[in-house]
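Overview (structure and organization)
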Amino acid sequence: MPFQAPITIAAALERMARHDYVLPAIQREFVWGPDRICKLFDSLMRGYPIGSFLFWKVSGDTVKSYTFYDFVRTYHAKNSPHCPTLDVERGRDVTAILDGQQRLTALNIGLRGSYAERLPRMRHNNPLAYPTKRLHINLLAHGDDDELELAYHFRFLTSDEARARDEHTFWFPVSDIRSIDEGAQVFDITARHELPNAAGRVLFKLYEVVKRQTLINYFEEEDQSLEKVLNIFIRVNSGAVPLSFSDLLLSIATSQWRERDAREEIHALVDDLNRTGQGFNFDKNSVLKTGLVLLGKRDIRFKVDNFDRHTMLAMEEGWDDIERALRLAAQLLSDFGFSSATLPASSVIIPLAHYAHLRRLETGYLRRSADASDRDELRRWLLQAVIKGGIWGSGLDTLLSGLRAVLDAEARNGFPRASLEREMARQSKALRFDPLEVDELLDLKYGATKTFALLALLYPGIDVRNTFHVDHVYPRSRFTAARLRAAGIPDEDIPAYLDRVDRLGNLQLLEGTENVDKRAALPSEWVRRAYPDPAAQVGYLARNDLGDLPPLAEFLSFYDRRRTLMRERLLGLLGVDSSAVTERREPTEDSNAGPPTDHLSVVPGSRRRDIAAHIGSAFFSQPSGAFLTINEIRNHRSEEYGDEFPSAGAISARLFPATGRCTVSGVEPGVNERGVRGARKV
C-alpha cells in the first residue's frame, strides 16, 4: 500500500466534483455537525495536522461489481441527509475513500456547498425551520472565539446573517476562495472593501491552505479483493469513536446484498417508521437487530461474525417480510398512543415485529373486532413492560432471545402474554410491582416518558389513535405563587399546590380538540361545556376518577382523593398485594444520596416508628438556624430507628404533608441554596 504524493484541497475538491473520488457502499453516512466542520477549517488555518487518508483504487474492470455514493455537498437535515447514489460507468477507474470521508465531505460542504439543520423549537414540517447556511470566515475577528474554541472565526450563516458589518465584523464566503487564482487577487478584494492589512493576511492564509499547500496526504490500496478491502476498512474504522458499530455493520450489509441497496432500503424504512403516527426515533440499530431476530439467528449480538455473507443474503431475501413486520409493529405502537415522546425504549418494537412476522399479520389486524382481545393482551403486556424499569437496558440480547423462543413456540395461537411474563421473570426481569413502586409511579410528573403509558393503562377509554395530549386537570397556568395567593390559597399551602400540579394525580389524557378547547379553564367549567348531557358528564368523571371537581381552594383534597383512587386501580391492574408494604415512598430532590438502604419498608406486625422523633433527634445537637437536607436527616442515627434508617420518602411526607402544615416541632421545612429540600432548626 504505497504512500502517494500529497495534493491540495482544491485538487481533492475537483476530483470529488468529477466523481474521480467516490464513497464505497461500506462507508457510513456523513455525521459531522457545523461546529465540527468549522473546527476542521480552523485546524487547517492554524497549521495543525488533520491526519492521513486511505484510498482504494478501483479498476474499471471491477467497478460495476460494487455500489458507490457521491459526497454530500448541500446537506439538508430533512430533505437530503443521505449520500446520493452514484452511477459509475463501466470501465472507468475511480478512487474509493476508505478513511477520510467525514473530513473530505466537510471540505466539500464548506468550500462548495451548504448546511441546513432544523432551528430549535420549530416543527420539522415548517419550511422555515431549515435555513440554508454557507460557511463564512470573519476577516476582522481578533483572538479566540470562546464559543467554538476557534482562533479563526468560521461560522455557517444565512445570506442575511452574513451581511452584518461593523468595525469588528466582515464575513467572507469561504467558497469564494476557489475563484481566486493567484495571491495578488486577495488584496484586490480587501482593498475593494477597504479592509485593513490584517484582513488581507487572514484571507491570504485561507487561499494558501486551499490552493497552494499540499495538505491531503494519503495511502492508496490497489488490491481489487473486496474481502481484503473490507478487512482494512474494519481495522481502520472500528476503533474510531464517531463511527458506531451499527454504521460498520450497515456498511458490511450494503457491500453484501446483491439485488437491493441495503443502505437505501434501511434508511428509507427507518425514515418511514419514524413518520408513523406522531413520529418515532427508531434507528438502523432497531432494524438490523430485528433482522437478526426474525431470521432466527442464534446469536443476535452486534458482531461482525453475525453479519457474514450467508446472513446478509438471507436478510436481503427476507427483506420484504422484515419490512412488513416492522411497519405493522410501528403502526401498533402508534395505535396504542406511543410516539418518540412516550416510548422509553426503541427495542420494544422488536418482539412486536417478531409476533407480526410469525403470524404474518396484515393491516387488517389493527382494526378487526375478531382480533380485539389479542390486541388487548399485547397492549397490556407492552404497557407494563414500558412502565417497569430495568427491562430494556442491560441484558437486552438475552431478553430478546428468550422472548423470541416463547413467541416461536406459542405465538401462532395468539399473543402469549402470560408465557412472556414467565420468561421475563426467569431472566430476573419480572413484570411484578410492589406497593412502593406503585407509589413511585403515582408521583411521576408531567413530561416524564412513562406518564403516558401509565395513564393509558389506568384509563383505556380514550382513542389514542387520534391526536391526544397528556393534560392537566387543574390548569398549570393557574399555579403560580402570585395567582394562587390572589385566589385565596394560604401561603403555607402554596408549596404543596406547586408540587402536585404536575404530578400524575392532576393529569389526564385528552383528545387534541378537547385539549385546545379546555386550555386554562377550571375543570368543572370545562366539563359542563364539553359534556352538556348529565349522564355523559357523570360517565366521564367516573371513568377518569375525577369526582365532583371541587373549586381551586380544595385542590389538595381533590389530589389526595384521586391519587388514592388511582393507587387502588393500579394495584388491581398490576396484581399487587397492597398489604405487603405499609410505608409510602415519597419523591425527593436529594434521592440519590445516602446508603443503599434508602427506602426501608415496614412489614406488617413490626413496630411503627415515630418519624417526627427521628427528625427531632437529628436537629437536637444542631445550632439554631442549621439546615439539614432530607437525606442528612435520614442518615442520622437515632434511638427511634437504631441501626436502621427511615425512608427519605417518609421524612419528606412528614415535613411536606399533602395538606396542612408541618407538625414537627422545632423545625421549619424549606430548601437550601441549591434547591434541595430539607428543614431548618428554629
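Residues numbered from 1 in each chain as written. Predicted model: local features only at pLDDT ≥ 70, side-chain atom pairs only at ≥ 80, totals over all residues. Heavy atoms only, no water.

**Some remarks on helix α2 (residues 34–45)**
Short version of the rule: In DSSP terms, a helix is any run of H or I states spanning at least four residues, a strand is any run of E spanning at least two, and both are numbered starting from the N terminus. A helix is expected to span 1.5 Å multiplied by its residue count minus one. Working definition: with a 1.4 Å probe on protein chains only, accessible area under 20% of the residue-type maximum means buried, over 50% means exposed, and in between means partly exposed. What makes two residues a contact is simply this: any of their non-hydrogen atoms within 4.5 Å.
For α2, built from 12 residues, the straight-helix expectation of 16 Å at 1.5 Å per residue is met to within 8% by its first-to-last C-alpha distance of 17 Å. When you tally the buried positions in α2, you get nine out of 12 residues, the bulk of the element. Where α2 is buried, its residues contact α1 (9–17), α3 (101–112), β7 (114–116), β8 (134–138), β9 (154–157) and α6 (197–212).

**Looking at the side chain of histidine 614**
Note the following rule: Pairing of N or O atoms within 3.5 Å defines a polar contact, subject to two protein rules: one partner must be a possible hydrogen donor and the other a possible acceptor, and residues neighboring in sequence count only if both atoms are side-chain atoms.
Positionally, histidine 614 belongs in helix α25 (residues 611–619). A distance of 2.7 Å separates the side chain of histidine 614 from the side chain of serine 638, its partner in a polar contact.

**A closer look at the sheet that holds strand β11 (residues 169–173)**
Strands belonging to one sheet form pairs held by backbone hydrogen bonds; the direction of such a pair is parallel or antiparallel. Going by this rule: A pair of strands is labelled paired if DSSP reports no fewer than 2 bridges between them.
Strand order in the open sheet made by the four strands is β9-β8-β11-β10, with antiparallel pairing throughout. Of all the strands in the sheet, just β9 and β10 (165–166) have a single pairing partner and so form its edges. One ladder, built from three bridges, connects β8 with β11; its direction is antiparallel. When the bridges of β11 are listed, histidine 136 appears paired with proline 173.

**Observations regarding the nonpolar core**
The cut-off we apply is this: Residues grouped as a nonpolar core are buried Ala, Val, Leu, Ile, Met, Phe, Trp, Tyr and Cys residues, joined through side-chain atoms within 4.5 Å.
Core analysis: the biggest nonpolar cluster contains 87 residues, and Leu333, Phe338, Trp381, Leu382, Trp392 and Leu570 have the highest contact counts within it. By residue number, the principal contributor to this core is helix α12 (residues 319–335), which donates nine residues. Look past the residues within four positions of tryptophan 392 in its chain and what remains in contact with it is Ala345, Ser347, Val348, Pro351, Trp381, Ala385, Leu399, Leu400 and Leu403. Listed in part, the 57 residues of the second largest apolar core include Ile7, Ala11, Leu111 and Leu139.

**Quick word on the environment of alanine 679**
Examined against the element boundaries, alanine 679 turns out to sit in strand β17 (residues 677–681). Through-space distance from the C-alpha of alanine 679 to that of phenylalanine 627 is 5.7 Å; in sequence the pair is 52 residues apart. Setting aside residues no more than four positions away along its own chain, alanine 679 makes contact with Phe619, Ala626, Phe627, Leu628, Leu655, Val667, Glu668, Pro669 and Gly670.

**Regarding the packing of helix α13 (residues 349–359) against helix α15 (residues 396–410)**
The criterion, for reference: Each axis is a line fitted through C-alpha atoms, taken for helices only over the stretch in contact, and angles between the N-to-C directions span 0 to 180 degrees. Angles are sorted into four bins: roughly parallel if under 35 degrees, roughly antiparallel if over 145, roughly perpendicular if 65 to 115, and oblique for all others. Crossings are classed by handedness, with left-handed meaning an anticlockwise turn of the near helix from the far one by less than a right angle and right-handed meaning a clockwise turn.
Relative to each other, α13 and α15 sit at 20°, their axes nearing to 10 Å. On the basis of the axis angle, α13 is roughly parallel to α15. For the crossing formed where α13 meets α15, the hand is right-handed. Contact residues: Ile350, Pro351, His354, Tyr355 and Leu358 in α13; Leu400, Leu403, Arg404, Leu407 and Asp408 in α15.

**Points about the pattern of salt bridges**
Counted only if it meets this: A side-chain nitrogen of Lys or Arg and a carboxyl oxygen of Asp or Glu constitute a salt bridge if their distance falls within 4 Å.
In total, this model carries 33 salt bridges according to the counting rule given. Residue arginine 417 is joined to glutamate 377 by a salt bridge in which the shortest nitrogen-to-oxygen separation is 3.3 Å. Linking arginine 417 in helix α16 (residues 417–426) with glutamate 377 in helix α14 (residues 372–387), this pair joins segments that are 40 residues apart in sequence. Between arginine 485 and aspartate 491 there is a salt bridge whose closest N-O contact spans 2.9 Å. For arginine 485, a relative accessible area of 45% puts it in the partly exposed group.

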